[in-house]
Amino acid sequence: MGLGKKTIDDENYAGKRVLVRCDFNVPMKDGVITNDNRINAALPTIKKLIADGAKVILCSHLGKPKNGPEAKFSLAPVAVRLSEKLGQPVTFADDDNVVGENAKAAVATMGNGEVVLLQNTRFRKEETKNEPAFSEELASLADAYVDDAFGSCHRAHCSTAGVTDYVKDTAVGYLMEKEIKYLGNAVNDPERPFTAILGGAKVADKLEKVDTLIIGGGMAYTFLKAQGYEIGKSLCDDSKLDYCKDMMAKAKEKGVKLLLPVDAACIKDFPDPIDAPVDTVIVPVTAIPANMEGCDIGPESMKLFADAVKASKTVVWNGPMGVFENPTLAAGTLAVAKAMAESDATTVIGGGDSAAAVQQMGLGDKMTHISTGGGASLEYLEGKELPGIAVIQKA
């Protein structure tokens, strides 16, 4: 693998207790899992370890429990879904302190090829602070550690980083390997022209390596305001105006093509509920009415962005072009997704809302790679070293 990290194919784990950090942070409604993509993504690694005859101990966080354990964030439903998919029992170690009596007893009596799932790692406040005591407790259960949670590897927590201070046999799982391969290649050695499409509300950090940078979504209005345009009631991060000016100047200096929307779909009032019918007016971005807000890119921008995608050999996309949860305001996001689906380029979707949008539109199988990590994929694409990858031993 390009990054020179040890992978699970480099070892046979027969008889070893292997702690696997997965990403089971799945959407739930009333205790029912509404989308199990992340569970499916973890299966190849789990199956490989079962086939080796390892004792497979799975851990993950779910949601953001505020003050320690909360029943609604329990991983119990994940254990049930996992055992259905694996066709064998998955023992759920239901300890509020994660490494408690249930977990210790379950691991002590494990046979080779058996699977135990620990309770939500964030039930322990130490997890997000990466405190050594909890890392050591997690490590005490295992002989080897496998990180397969790309979506969490940009955070240095006990279960993603700290645990490796106490377990020296470390490797990345298949999902992590795939992420590093596609995102790593997109960043370190992209086939050019290389285009990055950034949407969503947060003004993202620069992507150093691109030939073309397309900016849509809420962050586009901060750029437009930085150029001196009236943006009405559109989303804007005033603290980033100077940053946007710098970024535009830098793009010019480096010969990077920076594409902003040329027209916008504007609405008077934000839909409530979010998918309620709305009336839109298409206007040039130079003429957004003061009493309206831009909530999607207009048809001219869709064409501009689609043409840029068609001219590219590598395209990375993170963040929707508008309020894609509303059918009327999803047109721009759909247009970008379609252009990518029809392109011959290597197309990488950077997780989060873009991944949801692409799946919702049934275009998932037309993309080269859909990342499971939103924030992690963006940070990785910016060339940052992620703590969860840094700690894994070299091949």
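Just above, that's the structure.
Owing to the predicted nature of the structure, the values given are computational and were not obtained by experimental measurement. (Residues numbered from 1 in each chain as written. Predicted model: local features only at pLDDT ≥ 70, side-chain atom pairs only at ≥ 80, totals over all residues. Heavy atoms only, no water.)

### Focus: helix H9 (residues 299-310)
Then, in step 1: Its 12 residues place the ends of H9 16 Å apart at the C-alpha level, agreeing with the 16 Å of an ideal helix rising 1.5 Å per residue.
Then, in step 2: Restricting attention to buried positions, one finds in H9 the residues Ser-301, Met-302, Phe-305, Ala-306, Ala-308 and Val-309. Down the axis of H9, the buried set is contained in an arc of 160°. They therefore lie on one face. Set apart from the buried face of H9 by more than 90 degrees, the exposed residues are Glu-300, Lys-303 and Lys-310. (Helix = DSSP H or I, 4+ residues; strand = E, 2+ residues; numbered from the N terminus. Expected span 1.5 Å × (residues − 1). Buried < 20%, exposed > 50% of the residue type's maximum accessible area, 1.4 Å probe, protein only. Arc of directions from axis to C-beta.)

### Details of the sheet that holds strand S5 (residues 90-93)
Then, in step 1: The six strands lie next to each other as S5-S6-S4-S1-S7-S8, forming an open sheet whose pairing is parallel. Two strands lie at the open edges of the sheet, namely S5 and strand S8 (170-172), each paired on one side alone. Each adjacent strand pair in this sheet contributes to an overall mean axis angle of 25°, direction not counted.
Then, in step 2: In the sheet, strand S7 (residues 144-147) pairs with S8 via three bridges, with the strands oriented parallel. Opposite Tyr-145, over in S8, you have Thr-170 as the bridge partner.
Then, in step 3: Strand contacts of helix H2 (residues 76-86): strand S4 (55-59), S5 and strand S6 (115-118), with the helix running at about 170° to S5, the strand carrying the most contacts. (Pairing = 2+ DSSP bridges. Axes fitted to C-alpha atoms, helices over the stretch in contact; angles between N-to-C directions. Contact = heavy atoms within 4.5 Å.)

### Describing helix H11 (residues 352-360)
Then, in step 1: Buried within H11 we find Ser-354, Ala-355, Ala-357 and Val-358. Projected onto a plane normal to the axis of H11, the buried residues spread over an arc of 160° and lie on a single side.
Then, in step 2: Taken together, the buried residues of H11 touch strand S15 (314-318), helix H10 (331-342), strand S16 (346-349) and strand S17 (369-370).
Then, in step 3: Gly-362 occupies a position one or two residues after H11 and carries a positive phi of about 70°.

### Digging into the environment of Ala-339
Then, in step 1: In this fold, Ala-339 is placed in helix H10.
Then, in step 2: Distance from Ala-339 to Asp-307, taken between C-alpha atoms, is 8.1 Å for residues 32 residues apart in sequence.
Then, in step 3: Apart from the residues within four sequence positions on either side, Ala-339 is in contact with Ala-306 and Val-309.

### What about unusual backbone geometry?
Then, in step 1: Between Arg-192 and Pro-193 the backbone carries a cis peptide bond, its omega angle lying at 0°.
Then, in step 2: You can see Pro-193 is positioned in the loop between helix H6 (174-188) and strand S9 (194-198).
Then, in step 3: The residue after Asp-272, namely Pro-273, is reached through a cis peptide bond having omega 0°.
Then, in step 4: In this fold, Pro-273 is placed in the loop between strand S12 (263-267) and strand S13 (281-284).
Then, in step 5: One non-glycine residue, Asp-30, adopts positive backbone phi at about 50°.
Then, in step 6: Mapped onto the secondary structure, Asp-30 falls in the loop between strand S2 (28-29) and strand S3 (32-33).
Then, in step 7: When its relative accessible area of 76% is taken as the criterion, Asp-30 is described as exposed.

### What to know about the layout of surface pockets
Then, in step 1: The computed volume of the largest pocket comes to approximately 860 Å³.
Then, in step 2: Forming the walls of the largest pocket are 32 residues, and the residues nearest its centre are Asp-23, Asn-25, Arg-38, Gly-352 and Thr-372.
Then, in step 3: Every element with two or more residues in the lining of the largest pocket is listed here: helix H1 (37-52), H6, H11, S17 and helix H12 (374-381).
Then, in step 4: If you tally residues by element for the lining of the largest pocket, the top one is H1, at five residues.
Then, in step 5: Broken down by class, the residue content of the lining of the largest pocket amounts to nine nonpolar, 17 polar and six charged. (1 Å grid on protein atoms, 1.4 Å probe; cavity = no way out; pocket = protein on both sides within 12 Å on 5 of 7 lines; lining within 4 Å. Points joined across faces, edges and corners; volume = space filled by probe spheres on them. Nonpolar A, V, L, I, M, F, W, Y, C, P; charged D, E, K, R; others polar.)

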